[in-house]
Amino acid sequence: MKCKINRNAAKVLKKQLESEEGQGKMVRVYVTHEHGDHVHYGLTFDTPTEHDEIVKTDKDIDVLLDKRNDWLDGVWIQYFYVPQEGFVITNPTKGGHHHH
């Protein structure tokens with residue numbers, strides 16, 4: 001499975017992983033809603049399960065993806081400061097729909 005993270009997202013995620021909430025956990029991307037031809041993604045901190053693949057990224061952050069869900073292969077985690085601050089998760093290999 002594949003996952004990309006932009007520089008802003010890596011900076012924010014590293015800071016969150018160092019916080020009390022993130023101690024000993026990893027970043028997980030998951031599907032919150034599925035609508036036939038597209039899905040919405042969520043982001044949380046979690047520990048690996050037997051169904052996860054730990055995906056190494058070029059930003060030194062490992063991401064947990066559930067191997068049973070094809071929508072997760074190829075996700076791109078981005079963080080933007082404008083027009084509003086927050087994460088945007090897309091999957092360019094699946095049509096690029098995203099969730100903020």
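As the structure is a computational prediction, the values presented were derived from the model and not from experiment.

Peer 1: What should I look at first to understand the overall build of the protein chain in this one?
Peer 2: Counting secondary structure elements, the protein chain contains one helix and eight strands. Over its C-alpha trace the protein chain gives a radius of gyration of 13 Å, about what one expects of a compact globule, namely 13 Å for 100 residues. The principal-axis extent of the C-alpha atoms belonging to the protein chain is close to 40 × 35 × 20 Å. Out of the 100 residues in the protein chain, the part that is buried amounts to 40%. For the protein chain, long-range pairs separated by at least 24 residues make up 48% of all intrachain contacts whose partners lie at least 6 apart in sequence. Approximately 6,200 Å² of the protein chain is accessible, and the part contributed by carbon and sulfur atoms is 49%.

Peer 1: Just checking my understanding: could you explain the sheet that holds strand S3 (residues 38-46) for this structure?
Peer 2: Sheets are built from strands paired through backbone hydrogen bonds, the pairs being either parallel or antiparallel. The four strands lie next to each other as S3-S2-S5-S4, forming an open sheet whose pairing is mixed. The open sheet has two edge strands, S3 and strand S4 (52-56), and neither has a second partner. The sheet shows a mean angle of 30° between the axes of neighbouring strands, taken without regard to direction. As paired strands, S4 and strand S5 (residues 62-66) are joined by five bridges and run antiparallel to one another. Considered in S5, the bridge of Asp52 is made with Asp66.

Peer 1: Please explain the packing of aromatic side chains as it appears in this structure.
Peer 2: Each aromatic ring pair is specified by the distance between its two centres and by the angle formed by the two planes. Applying the stated criterion across every chain, the model contains two aromatic pairs. Residues Tyr79 and Tyr81 carry aromatic rings whose centres are separated by 5.2 Å and whose planes lie at 70° to one another, so their mutual orientation is edge-to-face. Each ring, one from Tyr79 and one from Phe87, has its centre 4.7 Å from the other, and the planes form 80°; the classification is edge-to-face. Each member of the pair, Tyr79 together with Phe87, is buried. Every member of this aromatic cluster is reached through a ring pair, and the members are Tyr79, Tyr81 and Phe87. Seen from the ring of Trp76, Lys4 lies directly overhead, with NZ or CZ sitting 4.4 Å from the centre.

Peer 1: Can you help me understand the environment of Ile54 in this one?
Peer 2: Within the fold, Ile54 resides in strand S4. Between the alpha carbons of Ile54 and Met1 there is a distance of 8.8 Å; along the sequence they are 53 residues apart.

Peer 1: Sorry if this is basic, but what is going on with the nonpolar core here?
Peer 2: Across soluble globular proteins, nonpolar side chains show a tendency to be buried alongside one another. Counting residues in hydrophobic clusters, the biggest one holds 23 residues, and the most contacted among them are Ile5, Val29 and Ile77. Going through the elements one at a time, strand S1 (3-5), helix H1 (7-18), strand S2 (26-35), S3, S5, strand S6 (75-80) and strand S7 (86-90) are the ones with two or more residues in this core. Top element by residues in this core is H1. It accounts for five residues. Residues within four places of Ile5 in sequence aside, it is in contact with Ala10, Leu13, Thr57, Asp58, Lys59, Ile61, Val63, Trp76 and Ile77.

Peer 1: Which parts of the structure should I look at to understand unusual backbone geometry?
Peer 2: When glycine is set aside, most residues are seen to have a negative phi, and most peptide bonds are trans. Looking along the chain, the bond that leaves Val82 and enters Pro83 is cis, with omega of 0°. With respect to the helices and strands, Pro83 occurs in the loop between S6 and S7.

Cut-off values and rules
- Here the residue index of a chain counts from 1 through its sequence in written order.
- In keeping with the predicted nature of the model, local features appear solely for residues at pLDDT of at least 70, side-chain atom pairs appear and are counted solely at 80 or more, and the whole-chain, interface and lining totals rest on all residues.
- Side-chain metrics in this entry use all non-hydrogen atoms of the structure; hydrogen atoms and water are not considered.
- In this text, helices come from DSSP runs of H or I with a minimum length of four residues, and strands from runs of E with a minimum of two, each type numbered from the N-terminal end.
- Note that the radius of gyration is over C-alpha atoms, with the globule rule given as 2.2 Å times the number of residues to the power 0.38.
- Categorising residues by exposure relies on relative accessible area from a 1.4 Å probe, with only protein chains included: less than 20% of the type maximum marks a residue as buried, more than 50% marks it as exposed, and the intermediate range marks it as partly exposed.
- It only takes one pair of heavy atoms within 4.5 Å for two residues to be counted as in contact.
- All accessible areas in this document rest on Shrake-Rupley with a 1.4 Å probe, and a residue is counted as covered only by the protein chains that are shown.
- In short, DSSP must find at least two bridges between two strands for them to pair.
- Angles shown run from 0 to 180 degrees and are taken between the N-to-C directions of axes, each axis being a line fitted to C-alpha atoms and, for helices, limited to the stretch in contact.
- Aromatic rings from Phe, Tyr and Trp, taking only the six-membered ring of Trp, are treated as a pair when their centres fall within 6.5 Å; an angle between ring planes under 30 degrees marks them as stacked, one over 60 as edge-to-face, and anything in between as tilted.
- Two conditions define a charge sitting above a ring: the NZ of Lys or the CZ of Arg must be within 6 Å of the ring centre, and it must be within 35 degrees of the ring normal.
- Among the buried residues, those of types Ala, Val, Leu, Ile, Met, Phe, Trp, Tyr and Cys that are joined through side-chain atoms within 4.5 Å form a nonpolar core.

Scope: geometric values only; no functional claims are made or implied.
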